[in-house]
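# Residue-level structure breakdown
This is what each chain is made of:
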Amino acid sequence: MLTNTFLFVGYPYLMIVLAILVSIIRYRYTPFSFSSLSSQFLENDQLYWGSNFWHWGIVIVLLGHLTAFLMPGAILSWNANPVRLFLLEATGVTMGMLALLGLVSLLVRRLTHSRIKVVTSTMDVIILVLLLVQVVSGLDTALRYRWGSSWFATNAAPYLQSLFFFNPKPQYVASLPLGPKIHMLSAFTIIGLIPFTRLVHFLVVPLHYLWRTPQLVIWNRRPEKRFNSQSGR
Amino acid sequence: MDIRSQVAMVFHLDKCIGCHTCSIACKNVWTDRKGAEYMWWNNVETKPGTGYPTKWEDQDHYKGGWEVVDGNLQLKSSGKKNYLQRIFYQPNLPTLDEYYEPWTYDYDNLFSAPEGDDQPTARPVSKITGEYIDIKGGPNWDDDLSGSPLYARNDPNLKALTPEQELQLLSIEQLVMFYLPRICNHCLNPACVASCPSGALYKRGEDGIVLVNQEVCRGWRFCVSACPYKKVFYNWNTGKSEKCILCYPRVETGQAPACFHSCVGRIRYMGVLLYDADKIKEAGLRPDSELVDAHREIIADPFNPEVIASAKANGIGDDVIKSAQKSPVYKFVKNWGLALAPHVEYRTFPMLFYVPALAPVTSTQEDGTLANNVDELFAPLEKARMPIEYLAALFGAGQEGPVRYALKKQMAVRSWRRALTVGDIDIEVAKAALAAAGCTPEQAEEIYALTSLPTFDQRFVIPASHREMAIEALKNPLENKGLAGIGFREAPERGL
Ligand code: SF4
Ligand code: SF4
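Here the structure is a predicted model, which is why all the values come from computation and not from measurement. (Residues numbered from 1 in each chain as written. Chains lettered and ligands numbered in written order. Predicted model: local features only at pLDDT ≥ 70, side-chain atom pairs only at ≥ 80, totals over all residues. Heavy atoms only, no water.)

## Looking at the overall build of chain B
Put simply, the test is: Helix numbering and strand numbering both begin at the N terminus, where a helix is a DSSP run of H or I of at least 4 residues and a strand a DSSP run of E of at least 2. For a compact globule the rule gives 2.2 Å times the number of residues to the power 0.38, and the radius of gyration it is set against comes from C-alpha atoms. Per-residue accessibility, obtained with a 1.4 Å probe over protein chains only, is compared with the maximum for each type, and a residue is labelled buried under 20%, exposed over 50%, and partly exposed between these values. In this tally, Asp and Glu contribute negative charge and Lys and Arg positive charge; neither His nor the terminal groups of the chain are included. One atom stands in for each charge, and that atom is NZ of Lys, CZ of Arg, CG of Asp or CD of Glu.
When its secondary structure is counted, chain B shows 23 helices and 15 strands. Computed over its C-alpha atoms, the radius of gyration of chain B comes to 24 Å, within 12% of the 23 Å expected for a compact globule of 496 residues. Judged by the C-alpha coordinates and their principal axes, chain B covers about 75 × 70 × 50 Å. Split into buried and exposed, the 496 residues of chain B put 58% on the buried side. With 54 positive and 63 negative side-chain charges, chain B shows a separation of 5 Å between the mean positions of the two kinds.

Okay, here's the thing in structure tokens:
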């Protein structure tokens, strides 16, 4: 019981607080260290498959998790129809597979390509392995304990929401099998490690470009015109 | 009218001796660092040739610069519609192999090799992996047409020539070349700035220098793809993009940038241009045939009272306006029509202009004698070894007119000076040549003076920007006391 309280209450809070605090400190004091650290410049061909598969797969899977977390009811009513349930599960698994394929390819590239090895840090390897654990345990859960999307809505979503509202209810997940538990714990670990790794790049995804005027002109002497956009595009 | 000022540049190609002193000056000051070894913010190319990175002018491949789509100016490489899907992988990004793998030599082996029958050698070692490599290319691998026809023949500008002309240009007996020193053009409509989703790149209002804010750059690499001149570089070590900063700490204090200052051929000029930012958009939409003129029309007359008033309203100081009135760049570009921007058809409106090289043209006169009438004086232009179509592809968006005008005028000035000093050309013929080239004797003298005899201070008319005053106006000057460098307080180390 105590273990469960630590693993599913203490640990998540610890990791989330760590993520938020350290990210803010890192952003505030070492903005230079925020980068995608892209290695496309050094190796282009393997990255094409690895990066595209991984990012597209994981972004869609994460969006699925987010929807289920925010609107578990909607997922349940969607799943009421077996065809739709099957569609959702199949999409999830396919995207998970895609991400796995990409991840393995990226990991192999990191560990074997001579130029990429030069720009690989210990943290890079640690986070890639953790992500591998995360994706494999996720796929394992999806394939073995069906239907994951439904019980995510009935168990995981209320649990996560309870964390969110500072009224933790670990009992929702305490009796889950080992696979899903690993999946959750490694997820919290990854969240906690975000500010210590290159994962910070997804905190600075440049969405503001969508609203920006194309040209940026900055005046030194006129503070009021520092961020004046150029009228010619 | 929205007048801004720009430190602009002219390179007189006829005077470039291809010595690479400029490149070395820049390398020593700015890019002699891990991750930047391969970068040459200033490089000198032999033309015809493929350049650095290889075939940078082939925009079908690299998709740099702007294009007009349905009456709108759009980046060829990316835009709001598709940038998010290209953030994981840049389809048009040049990779290290398109530049070259930087290397050093295993010098130690020369000293430590055991005694043997052979001389020890210093094998090349990659500066990236530290492994032995076979050198396949370098930033000026085709210097002086070495490696031709492999390199020269792949020059994208040769598409403008007929097969006969191309053969003529490349056949060994007729080898012809000139040098093209290149730095960032600090464009008026910079594709790099517009492409950066993080907003890390910006153009400075006071002097038009285009910079990458290293603390905002996230290494998304859109700028590298978008710049048609391939003058933004990705630092593979820090994960940030970098580019020529026009030695702004020097320019701000009224000194010429390192590459300008060190130029052996004294081919470089720097001066202020005032320009009307309101005209940029309209100019960018004009057809290729009007682009050279449209570009020049953006540049405003520094003596026009309206222009001066608008400049002052924008906070441009009297010293800057005065120096714009003395600008050598204004003379070359606007008064004389001698200097042309590279590839205006990319529509970024470069602020670096080139006086096209003439030397190979006059030397083609077959019998080696000098002409004695105007028609013959200009005749070599038509029979030039360096076809005018080639120069037009490089400097005129395919239009021969502006290039022909610049070459004719240079020739006429030469004949004029030759008539005066050597006397083997009839002065009346020289006068007629000047008239035919749209030039007066007074202008010819001015051109001669600024081309052949300029002093350091005539080549570089750079107003100090008084940053110290700007800092005082904005914040407590003591706040900066004891800080090192040029405002960057974090060691530029690779992130976790
Ligand atoms: S030449 Fe310089 S200013 Fe122009 S687009 Fe390229 S990097 Fe930007
Ligand atoms: S230093 Fe001057 S003359 Fe020498 S290559 Fe550079 S631009 Fe040409």
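## Concerning the packing of aromatic side chains
Our working rule: Here is the rule: rings of Phe, Tyr and Trp (six-membered ring for Trp) pair when centre to centre is within 6.5 Å. Planes less than 30 degrees apart are stacked, more than 60 are edge-to-face, and the remainder are tilted. For a lysine, the NZ atom is tested; for an arginine, the CZ atom; a charge sits over a ring if that atom is within 6 Å of the ring centre and within 35 degrees of the ring normal.
This model, assessed by the stated rule, comprises 35 aromatic pairs over all chains. Put simply, the rings of A:Phe41, B:Tyr38, B:Tyr52, B:Tyr99, B:Tyr100, B:Trp103, B:Trp141, B:Phe233 and B:Tyr234 pair up and form one aromatic cluster. Stacked on the ring of A:Phe32, the Lys or Arg B:Lys240 has its end atom at 4.8 Å from the ring centre.

## Quick notes on the interface of chain B and chain A
Where we set the bar: Contacts were defined at the residue level, with two residues in contact if any of their heavy atoms lie within 4.5 Å. Buried area: the accessible area, evaluated with a 1.4 Å probe, that two parts lose upon being put together, summed over both parts. A pair is scored as a salt bridge if a Lys or Arg side-chain nitrogen falls within 4 Å of a carboxyl oxygen belonging to Asp or Glu. By the criterion applied in these results, polar contacts are pairs of N or O atoms within 3.5 Å in which, for protein atoms, one can donate a hydrogen and the other can accept it, and in which residues neighboring in sequence qualify only through two side-chain atoms. Note on residue classes: Ala, Val, Leu, Ile, Met, Phe, Trp, Tyr, Cys and Pro are nonpolar, Asp, Glu, Lys and Arg are charged, and everything else, Gly too, is polar.
If you look at the interface, chain B gives 73 residues, while chain A gives 59 residues. Taken over both partners, the interface formed by chain B and chain A buries close to 6000 Å², and the fraction arising from carbon and sulfur atoms is 57%. Of all residues in chain B, B:Phe88, B:Tyr89 and B:Leu496 bury the most surface against chain A, accounting for 14% of the area lost on that side. Counting across the chain B and chain A interface gives two salt bridges. Viewed at the interface, chain A and chain B are joined by 29 residue pairs in polar contact (both at pLDDT 80 or more). Those elements giving two or more residues to the side of chain B that touches chain A turn out to be β4 (72-75), α3 (83-86), α4 (96-99), α7 (191-195), β8 (201-204), α11 (280-284) and α23 (467-474) of chain B. The residue makeup of the side of chain B that touches chain A, split by class, is 35 nonpolar, 19 polar and 19 charged.

## Let's talk about the site of ligand 1
The following threshold applies: To be near a molecule or strand, a residue needs just one of its heavy atoms within 4 Å of it.
Close to ligand 1 lie B:Cys184, B:Asn185, B:His186, B:Cys187, B:Pro190, B:Ala191, B:Cys192, B:Val210, B:Cys227, B:Tyr229, B:Val232 and B:Lys243, which account for all nearby residues. Looking at the shell around ligand 1, its residues break down into nine nonpolar, two polar and one charged.

## Observations regarding the pattern of salt bridges
Scanning the entire structure with this criterion turns up 22 salt bridges over all chains. Of the charged contacts, one joins A:Asp124 and A:Arg198 as a salt bridge, the two residues approaching to 3.0 Å between their closest N and O atoms. Note that A:Asp124 is positioned in helix α6 (residues 122-144) and A:Arg198 in the loop between α9 (178-193) and β1 (216-218), a separation of 74 residues in sequence. Each member of the pair, A:Asp124 as well as A:Arg198, carries the same accessibility label: buried. Two residues, B:Arg286 and B:Glu290, come together in a salt bridge whose shortest N-O distance is 2.7 Å.

## Details of the nonpolar core
The condition that has to hold: Take the buried residues of types Ala, Val, Leu, Ile, Met, Phe, Trp, Tyr and Cys, join any two whose side-chain atoms come within 4.5 Å, and each joined set is a nonpolar core.
Grouped together as the largest cluster of nonpolar side chains are 145 residues, with contacts concentrated most on B:Tyr38, B:Phe260, B:Phe353 and B:Phe395. Excluding residues that lie within four positions of it along the chain, B:Phe353 makes contacts with B:Met9, B:Val10, B:Phe11, B:Leu273, B:His295, B:Ile299, B:Val329, B:Val333, B:Ala339, B:Leu340 and B:Ala341. Membership of the second largest hydrophobic core comes to 22 residues, among which are A:Ala99, A:Leu128, A:Val204 and B:Tyr89.

## What about helix α7 (residues 148-164) of chain A?
Residue and element names in this part refer to chain A. Quick reminder of the rule: Two axes define the bend at a residue: one fitted to the seven residues ending there, one fitted to the seven starting there, and the bend is the angle between them.
Within α7, the axis deviates most sharply at Thr154, by approximately 35°, and proline Pro158 lies no more than four positions further along. Within α7, the full set of buried residues consists of Gly148, Ser149, Phe152, Ala153, Ala156, Ala157, Pro158, Tyr159, Ser162 and Leu163. Here the buried face of α7 lies against α1 (2-29), α2 (45-70), α3 (72-79), α4 (82-112), α8 (171-174) and α9. In the segment just after α7, Phe166 is the residue with positive phi, at about 55°.

## Some thoughts on the confidence of the model for chain A
Residues and elements named next belong to chain A. Formally: Confidence of the predictor at the level of single residues is given by pLDDT, which spans 0 to 100.
Mean pLDDT for chain A: 91, with 94% of residues reaching 70 or above. Least confident of the elements in chain A is strand β2 (residues 228-229), whose mean pLDDT is 42; most confident is helix α5 (residues 114-118), at 96. Every residue in residues 225-233 is under pLDDT 50, and counting partners more than four places away or in other chains gives 40 contacts.

## Re helix α1 (residues 21-31) of chain B
Within the sequence span of α1(B), burial applies to B:Cys22, B:Ser23, B:Ala25, B:Cys26, B:Lys27 and B:Thr31. Summarising the contacts, the buried residues of α1(B) are in contact with β2 (43-47), α10 (258-262) and β12 (268-276) of chain B.

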